[in-house]
Amino acid sequence: MDDNRKHRHLRMPCCDAKVSLKRRKSTRFFAHKAVGACTTAPETETHLVLKKLAVEAARATGWTAEAEVRGQTPDGEPWIADVLAEKNGSEVAIEIQWSGQTPDETMRRQERYKASGVRGLWIFRRPGFPITHDLPAVCIGGELNEGLTASIPGPWKQSLPMKDFLTAAFDRRFKFGLQPDQIADLQIWTGTMDCWSCGCETRIIHHVEFTVLGQRGNFGIAELEQYRVLGPLLPHLTAIPGVGAIKRRFSGTMQSRYMSNGCSHCDALIGQHFEYQAERDDAPAITLQVPITPEWKAAMDDYGWDVTWWVDVP
């Protein structure tokens, strides 16, 4: 070891990088002297188990699958997939990224698969990776002795056993964003407040809450109009006893007209900034179900869900 400190002649067998002697408790071992782009170091037990799970999940859903498959792009750039699966002419590569990797390098490797006609699905050990429509990915959770999990990042924060996730992925149930065939549950929440103009108590639509795949969000009247989803809801909203007319009114404060709640007695505009007063006794008045139309999808995507993956678990 003294000789290596002086001459630095020892090298890692995986990538010929310089080595450093380290100690963990009473165990001494060799490690890379500097963190680099080594991709050929011996795989961990967890890495090997994940590859085995991916191969088994692919085969169980009708794919042919093998580990450590070599290929190349049309211009001759080589690649090695941790697992490569094929079914009816479609190919999917599962990449288990155990070490750190920059977003640029991840996208470069993803584009290499794309150029080869292969879809890439990434399983990262470390969080903080990019996720887009062109880069499907999950994070490894859990422990090997207790069961590994796949965590889907983003507002959904969905987590499920790794085996179930891989099965869903090969069964084409791992999807991007909200789908048009999904149904959202809507709850119309109302509350009462005193009208600023006539002083009478009036009921208003406080917000409309939607639930999709167990996740919630809500919109006010003006937002519903902005996303062009208010029209079909109006007959339901105005049928609620005690609710004033919902229509366009001019706001002197905003110096514009917008769809708003109104007093059920004098029809005065109940401004958006004062709707919070109805929170004291707000409660759901009506529950509806609506399909995810393009307009609803646009509204929900603005919550950040356009870059969220989800798994439809039967």
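Procedures and definitions
Residues numbered from 1 in each chain as written. Predicted model: local features only at pLDDT ≥ 70, side-chain atom pairs only at ≥ 80, totals over all residues. Heavy atoms only, no water. Helix = DSSP H or I, 4+ residues; strand = E, 2+ residues; numbered from the N terminus. Contact = heavy atoms within 4.5 Å. Areas by Shrake-Rupley, 256 points an atom, 1.4 Å probe, with all protein chains shown as cover. Phe/Tyr/Trp six-rings, centres within 6.5 Å; stacked < 30°, edge-to-face > 60°. Buried < 20%, exposed > 50% of the residue type's maximum accessible area, 1.4 Å probe, protein only. Expected span 1.5 Å × (residues − 1). Pairing = 2+ DSSP bridges. Axes fitted to C-alpha atoms, helices over the stretch in contact; angles between N-to-C directions. Core = buried A, V, L, I, M, F, W, Y, C linked by side-chain atoms within 4.5 Å. Disulfide = S-S within 2.5 Å. Parallel < 35°, antiparallel > 145°, perpendicular 65-115°, else oblique. Left-handed = near helix turned anticlockwise from the far one by under 90°. Nonpolar A, V, L, I, M, F, W, Y, C, P; charged D, E, K, R; others polar.

(A) Structural detail: the overall build of the chain. A tally of regular secondary structure across the chain gives 7 helices and 18 strands. Within the chain, counting contacts between residues at least 6 apart in sequence, those at least 24 apart form 55% of the total. As displayed, the chain offers around 17300 Å² of accessible surface, 51% of which is attributable to carbon and sulfur atoms.

(B) Examining the packing of aromatic side chains more closely. Tallied over the entire structure, the rule returns 7 aromatic pairs. Their ring planes at 65° and their centres at 5.1 Å tell us that W79 and Y113 sit as a pair that is edge-to-face. Here the residue W79 occupies a position in strand β4 (residues 78-87), and Y113 occupies one in helix α3 (residues 103-115), the gap between them amounting to 34 residues. Judged by its relative accessible area of 2%, Y113 is buried.

(C) Examining helix α2 (residues 45-60) more closely. With 16 residues, α2 ought to run about 22 Å at 1.5 Å a step, and its terminal C-alpha atoms sit 22 Å apart, in line with that. Within α2 the residues assigned to the buried category are T46, H47, L50, K51, L53, A54, V55, A57 and A58. Next to the buried residues of α2 lie β3 (64-72), β4, β5 (90-97), β7 (137-143), β8 (147-152) and α4 (162-170).

(D) Fine view of α3. Here α3 is 13 residues long and its end C-alpha atoms lie 18 Å apart, about the 18 Å a rise of 1.5 Å per residue gives. The elements touched by buried residues of α3 are β4, β5 and β6 (118-124). Of the residues trailing α3, G117 is marked for its positive phi of about 75°.

(E) Structural detail: the sheet that holds β5. The 7 strands are arranged β3-β4-β5-β6-β7-β8-β9 in an open sheet whose pairing can be described as mixed. With one partner strand each, in any of the chains shown, β3 and β9 (158-161) form the two edges of the open sheet. Here the strands of the sheet are splayed against their neighbours by 35° on average, with no regard to which way each runs. One ladder, built from 5 bridges, connects β7 with β8; its direction is antiparallel. Paired with I140 across the strands is A150, a residue of β8.

(F) Layout of the nonpolar core. I94, I123, M162, F165, L166 and F170 are the most contacted members of the largest nonpolar core, which has 27 residues in total. Sorting the residues of this core by element identifies α2, β4, β5, β6, β7, β8 and α4 as the ones contributing at least two each. Per-element tally for this core: the top contributor is α2, with 6 residues. Apart from the residues lying within four places of it in its own chain, the contact partners of L166 are L50, L53, A54, A57 and I123. The next biggest cluster of nonpolar side chains, apart from the first, holds 26 residues, and it includes F210, F219, Y227 and A299.

(G) Examining the sheet that holds strand β16 (residues 269-270) more closely. In spatial order, the strands read β14-β15-β16; together these 3 strands make up an open sheet with antiparallel pairing. Of all strands in the sheet, those with a lone pairing partner are β14 (247-251) and β16, marking the two edges. Pairing of β14 with strand β15 (residues 256-262) involves 5 bridges; the strand directions are antiparallel. For R248, the partnering residue across the bridge sits in β15 and is M259.

(H) Spatial organisation of the state of the cysteines. For the coordinates displayed, the defined rule picks out 0 disulfides. Lacking any disulfide linkage, C195 is separated from the closest cysteine sulfur, that of C266, by 3.7 Å.

(I) Geometry of the environment of A54. Here A54 shows up in helix α2. Of the residues examined, A54 reaches a relative accessible area of 0% and is grouped as buried. Aside from chain neighbours lying at most four places away, what touches A54 is V83, I94, L166 and F170.

(J) The arrangement of the pairing of β8 in detail. Burial of β8 is one-sided: the residues L148, A150 and I152 facing one way are buried, the residues G147, T149 and S151 facing the other way are not. Hairpin connection of β7 to β8: 3 residues between the antiparallel strands. By the bridge criterion, 4 bridges tie β8 to β9 in an arrangement that is antiparallel. Among the inter-strand pairings, T149 is bridged to a residue of β9, identified as P161.

(K) Focus on the packing of α2 against α4. The N-to-C vectors of α2 and α4 enclose an angle of 45°; their axes lie 9 Å apart at closest approach. In terms of orientation, α2 lies oblique with respect to α4. Pair α2 / α4 crosses with right-handed handedness. The residues of α4 that touch α2, namely those facing L50, L53, A54, A57 and A58, are M162, K163, L166, T167 and F170. Taken together, the residues of the contact of α2 with α4 sort by class into 8 nonpolar, 1 polar and 1 charged.

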